[in-house]
Every structure is written in C-alpha cells, then in structure tokens.
Amino acid sequence: MSGRRRLIAAVTFLAGLYYFLEFIVPPTVPWRTVRGEVVRVGPKAAVLRVGRRIKTVPIRANTIIYRERPTGAPEKVDESVLRRGDRAVVGPTTYLSDWVTDVNNFFVVLGAMAWGMGLMSLWMVHSANIRKRREEWYGSVLFFAAVAVGVIAGLGYGSAGGPLKRMNDVVVNDVLRPMGSTVFSLLAFYMASAAYRSFRLKSREALLMMGSAFIVMLGQIPIGLWLTHRLPEPLWLPVMSQWILYIANSAAVRGMWFGMMLGAIAVGLRFWLSLERGAFFDAKEL
Amino acid sequence: MGKQMLNALARLQNIDRRWLYLTLALACLLPFVVKMRLPVYVSPETRELFNAIDRCPPDKVVLVDSAWDAGSLGENWGQVEVVFDHMLRRGIKFVVISLDITPLGPQFADKVISKLVASKYPNRKYGVDWVNLGFTKGDWQAMQQIAKDIRRQYKRDSRGWSLDDAQHLPLMQRVHNIDDVYMIYSVTYSPMENWIPFVHGVYGTPIGFGCAGIQSTTYYRYILSRQLVGMLVGVRGAAEYDALLYPDPARRTSLGTHLIVPQAFGHTAIILAVVLGNIGFFAARRRGGSR
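Keep in mind it's a predicted model, so treat the numbers as computed, not measured.

### Description of the pairing of strand β4 (residues 181-187) of chain B
All names here are of chain B. With respect to burial, β4 is a largely interior element, seven of its seven residues being buried. As paired elements, strand β1 (residues 61-66) and β4 share six bridges and run parallel to each other. Looking at the pairing, L63 lines up with I184 of β4. Taken together, the four bridges between β4 and strand β5 (residues 207-211) define a ladder with parallel strand orientation. Its bridge partner lying in β5, I184 is registered against I207.

This is the structure:
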C-alpha cells in the first residue's frame, strides 16, 4: 500500500468516524448535564428549575450552554444571552460538537479546492495537447481562450456599467445562455425519437405503463384539462394524473429508495473503510 | 383489412427520425407564431406553495436557493419569476443564495429580479427588499452553517458588501440564523433533498421546491409526509402559480405561462408519434413479421 493511499484511507476513516461519533455522542456529558428553565444566570453559575427543584450549575471553561428554540432544536449560546424563562441545557462539553463548524469549513474548502484541481487537470491536459501538437490541438487553444474570456467576463458581474459589465452580459446572455439551453433542449428530440421507437405494446405491463404515461403526460399540460373538462371532476386527466403521481408513484419511489439507501449504507461503509475496489490506486498498482 | 392497407400502416413504425424531429420542432414553434391560451388546472402542490409563501410574516424572510443556469432555464426561470413576483408584490423580503450546483446561479437570479423590478416594481430596492448572497460551496455542511449563523457561510453578498454593512444591506441586519427565515424555496433542476433532514428536520423550517418536471416524481412523497410544503413542477408549476397570482389571464406574463402552450403541443406530438408507432407495430404483426 503506497503512502498516499494510506494517508487518504486514514483521513477518510477519521472524517467518517468524527461525523459518526458527533452524531451519536451527546454534546454534553449526560450524567453531569442539567436541562431546565432558566431562573437566573451569572458569569460563574446558572440556576435552572428542573421540575420542582432548583439546581445551580457552575459555569467553567469547559461548560457549554444550549438554548432550546421553540422547535426544540438546540442553539449554542453564551451565558450572557440567556434570559429568565428560556429552556436551556448546561453541562461540560464532550468536545466533538465544538469542532463541527471547523470540520464543516474544512469540507467546504475541500469542495472548493476540487474545482480548482479540475481546472488544473484541464490545464495540464490541454497544455500538453498544444505542446505536443496532438490531433485537434487547436481545440485546446480555444479552451484556454474560453477560460480567459470567462474569467475576465466574471469580473464584470455586479458592476453597474463599463466594458467588463458589457462583456459579462455578452458572455452570459448571448453565449452561455443560448448554448446551454440548446444543448439541453436536444434531449427533447432524443426522448421523442426513443419513445417512438421503443414504446411498443408487447405485453399487459407495457399497456399499463403506456396508459399511465399518457395520463400523466396529458395531465401535465392544459390539453388534458381541455379534453376532459366536461366529464365529472374525478375523471379529469389532471386529477387522474395527480392520483398516479401522489399515490402509485410515491409508493413505488419509496420502495425504490428503501432499497437504494440500504445499498448506499453498504457502499458508504466500503468507502469509509477504504475497501472499495477499482479505485484510482488499484488501477495504479496493477 | 387489405394487405396493401396493412403494408401502408406497417410503415408507420419506421418513420424517419428526421420527420419526428421536424414535427416536434414545428409543434413547439407553432404557439409562438399563433398566439393562444389554454385553461390551467392548478395542482395541490402549487396551491400549497402559493399559500405558504403568502402567509410569510412581515418580520421574517424567505430564503431562496436559486441554483440553476441556462441548461434548465426553460423550467426554472418561470419558477423563480412567479415566486419573486409574488414576494415583491406582497412586500415579502427575501434572501437569495446559490448552493453548490452552478456558479452562474446568482447571475440568473439577478436577471429575473431586475427584469421584474424594471417592469413592475420600480420602488423595490436591493438591500432593503431583497439581497443576493451569491454562490457558495458545500452541501449539507453549508446548510448547517447557514441555519446556525448565516455569517459563518457568507461574509459578503454577491456585490461585495459586508453583511454587517447596515447602509447597503439594511435587510441583513435582521437576518442572522434560521430563526429569521420563514421558509426555504429551493429551485434547480433537481433540488437537494438534504434541506429536508438538515434544516426542516432539525428546525422545522418549511421547505418548498421548484424542479424539472422529469425530477418531480421523486419529491411527491415528501409532500404527502408534509416534509415539503409545496412544489412547482416544471413549466406547468410556473404557469399554475402565475394563474394563482393573476386570476385574469390577460395579466399573466411569466415565462411559464408563455411556455406551457408549446410544451402542450410538444407532449401531444410525442404521444401521437407513440400511437402511430404502435399502429404500425400491430399492422406489421397482423400482416406477419414484426418489421
């Protein structure tokens, strides 16, 4: 096992372990934690009403205080914020939840770095294409030109006016917007062709599927209502379509998701323990 | 039925795909040339979302996660347009974010809002009636941070003003954490379900979605369980919301209202193609041989 692989396996395991423990371990030591209604609070102690009893909880360096929101969700606060009548939980910290913001920030930064790494990877591939004059290397020149234009145009976002603002408008409104929409709208043509070629009534199941597909498709558009609005309301196509989507579809989707989530737990465990095969390092070590 | 007739019908299952493409293109183009309106049936998920937003108290804001760009513009533009229109009209304050999916999200949201402000609500002001905080990375971790303290995730808005700058962003001086947010409305091709466990599940904040029609089937179960307060489904959802917002059809101007008729014709063309293909299939089977 290479050093890099060991490092990634260790970081993955520790990160997973942290979130697992943070989820199951209470934020304060349970047997030394007091939950109740605030009577008064000072810098050195909080006095809480717990049932009929009054309890004084010392506030030390490792004490944390959670105020309960109306929904019951805990909110970490300083003692100076607490008011008489608040519902609060006071106790010594178990430290895990104290780090959640930092660990979350680490994750967010990692996610942002992944974008930068993607750009670096593209840079390496395309610069090699140009250096070695590979086939269609001029496409790589276009890539660098597009990135440069995109970055410069991005500087114009939020400006009130000026050449950068105009450039941003051109890139977003006149280039990205029509190109993105065009590529996406091609799907409609492929879907129409695929539906025409493959949707054949070869069995009863296919009949059932086609019947529900037609009801849902017509129910999604005003023509469905226009065709059936003279019938009793339960027979309107949009109403029948709603029944299919809310009842039949939801039941099927729930069943599917139960299965998928069981699979996801198994896959998650394999990732966590770095047991997944066929990953980058396996390919390198072959 | 004569053999010649069967032969002719059997050919219907082998129509050249270019004819299909042309028919679909013409079906979608026709309503742009010949203006027409069709009746709109308002589905329960749209009505629920409309009612939820309409109930927003004056001291709270709606957090809009507008994370879409040109790819799903056809469906998502109309979905944010009608909701922004509703909030600007009622004076409901809102904060726009764009979580994790596309860095172009804030720009497209800005375009929708500026178009509405220029055409209908010239008195509404940035920083007072709405704020756009821009794009941020992070999935449920970012949601947790925003819920606990929005300034942990965003120090500045998309224009570069500090969130504590009371002169430029007076609205943000009363928005600190999820307690100040009445509901979250997430609009993108496929909204992140993590809003439900990490925000609704913990804080009880109502969540609404605006999604592509094809993605909607996975979200209906959350409406049944009341984990989603409502949802706008594709172009249809936008057109339905517009119908609730403007009962007079002549006043409906949203993209959803404009696109629902071409979509209706497109759907009909696809249904007819499938029916023709099956007529050809049965004719060929009756004649003997599947082709």
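That shown, we press on.
### Some remarks on the interface of chain B and chain A
In many analyses, interface size is given as the accessible surface area lost on bringing the parts together. At the junction of the two partners, chain B supplies 76 residues and chain A supplies 59 residues. Summed over both partners, the interface of chain B with chain A comes to about 5,900 Å²; 66% of that surface belongs to carbon and sulfur atoms. Looking at the side of chain B facing chain A, the largest losses of area belong to Y41, K137 and R221 of chain B, adding up to 11% of the total buried there. Linking chain B to chain A there are 21 residue pairs in polar contact (both at pLDDT 80 or more). In terms of residues, the side of chain B that touches chain A owes the most to one element, helix α11 (residues 255-287) of chain B, which gives 14 residues.

### A closer look at the packing of helix α10 (residues 234-245) of chain B against α11 of chain B
Residue and element names in this part refer to chain B. Relative to each other, α10 and α11 sit at 130 degrees, their axes nearing to 8 Å. Here α11 runs oblique to α10, going by the angle between their axes. The two elements α10 and α11 meet at a crossing, and its hand is left-handed. Here V235, R236, A238, A239 and D242 of α10 lie close against α11, whose contacting residues are G256, T257, L259, I260 and Q263. Split into classes, the residues belonging to the contact of α10 with α11 amount to five nonpolar, three polar and two charged.

### Section: the confidence of the model for chain A
Summarising the model, chain A shows a mean pLDDT of 88, and 96% of its residues fall at 70 or more. Averaged pLDDT values for the elements of chain A fall to 59 in helix α8 (residues 280-285) of chain A and rise to 93 in helix α7 (residues 237-272) of chain A.

### With respect to helix α5 (residues 204-219) of chain A
Relative to the 22 Å expected for 16 residues at 1.5 Å per residue, α5 of chain A spans 22 Å between its end C-alpha atoms, a close match to the ideal helical length. Considered for burial, the residues of α5 of chain A that qualify are A206, M210, F214, I215, V216, L218 and G219 of chain A. Tucked inside the fold, the buried residues of α5 of chain A contact α6 (222-228) and α7 of chain A together with α10 and α11 of chain B.

### Description of the packing of aromatic side chains
For any pair of aromatic rings, geometry is given as the distance between the ring centres together with the angle between the planes. Residues and elements named next belong to chain B. Considering all chains together, one arrives at 21 aromatic pairs over all chains under this definition. Geometrically, the ring pair formed by W68 and F108 is tilted, given 5.5 Å between the ring centres and 45 degrees between the ring planes. On the criterion of sequence distance, the pair formed by W68 in the loop between β1 and α4 (73-90) and F108 in helix α5 (residues 105-119) is long-range, its members being 40 residues apart. For the pair shown, W68 and F108 are each scored as buried.

### Digging into empty space enclosed by the protein
To find leftover empty space, a probe the size of one water molecule is rolled over the atoms. Under the defined criterion, the tally for this structure stands at one cavity of 30 Å³ or more. Put simply, the largest cavity is a space of about 100 Å³. Forming the boundary of the largest cavity are 15 residues, of which G219 and Q220 of chain A together with Y41, R236 and E240 of chain B lie nearest the centre. Looking at the lining of the largest cavity, the elements with two or more residues in it are α6 and α7 of chain A together with α10 of chain B. Among the elements that take part in the lining of the largest cavity, α10 of chain B stands out by supplying three residues, more than any other. Counted by class, the lining of the largest cavity contains nine nonpolar, four polar and two charged residues.

### Remarks on unusual backbone geometry
Most of the time, phi is negative for any residue but glycine, and the peptide bond is trans. All names here are of chain A. Located in the positive-phi region is Y95, a residue other than glycine, with phi close to 75 degrees. Inspection of the secondary structure assignment puts Y95 in the loop between β6 (87-92) and α2 (100-131). Using a relative accessible area of 43% as the deciding quantity, one classes Y95 as partly exposed. The backbone of R133 shows a phi angle near 50 degrees, a positive value even though the residue is not glycine. Along the chain, R133 turns up in the loop between α2 and α3 (138-154).

### Focus: the sheet that holds strand β5 (residues 74-77) of chain A
All names here are of chain A. Pairing in this open sheet of six strands is antiparallel, and the strands run β3-β2-β1-β6-β4-β5 from one edge to the other. Edge positions in the sheet fall to β3 (53-58) and β5, since each of these pairs with one other strand and no more. Averaged over all pairs of adjacent strands, the angle between strand axes in this sheet comes to 45 degrees, irrespective of strand direction.

### A few points about the domain arrangement of chain B
Its domain assignment divides chain B into domain 1 (3-36 + 260-287) and domain 2 (44-253). Distance between the C-alpha centres of domain 1 of chain B and domain 2 of chain B: 39 Å.

### Section: the side chain of H86 of chain B
Relative to the helices and strands, H86 of chain B resides in helix α4. Setting aside its immediate chain neighbours within four residues, H86 of chain B contacts F50, I53, D54, Y241 and L245 of chain B.

### Brief notes about the pattern of salt bridges
All names here are of chain B. Throughout the structure, instances matching the rule amount to 17 salt bridges over all chains. For K93, the salt bridge identified is with D129, shortest N-O distance 2.9 Å. Here K93 is found in strand β2 (residues 93-99), whereas its partner D129 is found in the loop between α5 and β3 (130-136), with 36 residues between them in sequence. By relative accessible area, K93 is classed as buried at 18%. Residue D129 is classed as buried on the basis of its relative accessible area of 6%. Among the ionic pairs, R151 bridges to D164, the shortest N-O distance being 2.8 Å. Taken as a pair, R151 in helix α7 (residues 150-153) and D164 in the loop between α7 and β4 lie far apart in primary sequence, 13 residues in all. The exposure class assigned to R151 is buried, which follows from its relative accessible area of 13%. Each of E45, R236 and E240 takes part in a single network of salt bridges with overlapping partners.

### Comments concerning the nonpolar core
One finds V62, F84, F94 and W195 of chain B to be the most contacted residues of the largest nonpolar core, which totals 107 residues. If one sorts the elements of this core by residue count, α4 of chain B sits on top with eight residues. Apart from the residues within four sequence positions on either side, F94 of chain B is in contact with V61, V62, V64, F84, M87, L88, I113, D129, W130, V131 and L171 of chain B. Counting 11 residues, the second largest nonpolar core, distinct from the first, contains V57, I65, L82 and V90 of chain A.

The rules behind these values
Residues numbered from 1 in each chain as written. Chains lettered and ligands numbered in written order. Predicted model: local features only at pLDDT ≥ 70, side-chain atom pairs only at ≥ 80, totals over all residues. Heavy atoms only, no water. Buried < 20%, exposed > 50% of the residue type's maximum accessible area, 1.4 Å probe, protein only. Helix = DSSP H or I, 4+ residues; strand = E, 2+ residues; numbered from the N terminus. Pairing = 2+ DSSP bridges. Contact = heavy atoms within 4.5 Å. Buried area = accessible area lost by both parts, 1.4 Å probe. Polar contact = N/O pair within 3.5 Å; in protein donor to acceptor, adjacent residues only side chain to side chain. Axes fitted to C-alpha atoms, helices over the stretch in contact; angles between N-to-C directions. Parallel < 35°, antiparallel > 145°, perpendicular 65-115°, else oblique. Left-handed = near helix turned anticlockwise from the far one by under 90°. Nonpolar A, V, L, I, M, F, W, Y, C, P; charged D, E, K, R; others polar. pLDDT = per-residue confidence, 0-100. Expected span 1.5 Å × (residues − 1). Phe/Tyr/Trp six-rings, centres within 6.5 Å; stacked < 30°, edge-to-face > 60°. 1 Å grid on protein atoms, 1.4 Å probe; cavity = no way out; pocket = protein on both sides within 12 Å on 5 of 7 lines; lining within 4 Å. Points joined across faces, edges and corners; volume = space filled by probe spheres on them. Domains from an automatic or database assignment. Salt bridge = Lys/Arg side-chain N within 4 Å of Asp/Glu carboxyl O. Core = buried A, V, L, I, M, F, W, Y, C linked by side-chain atoms within 4.5 Å.

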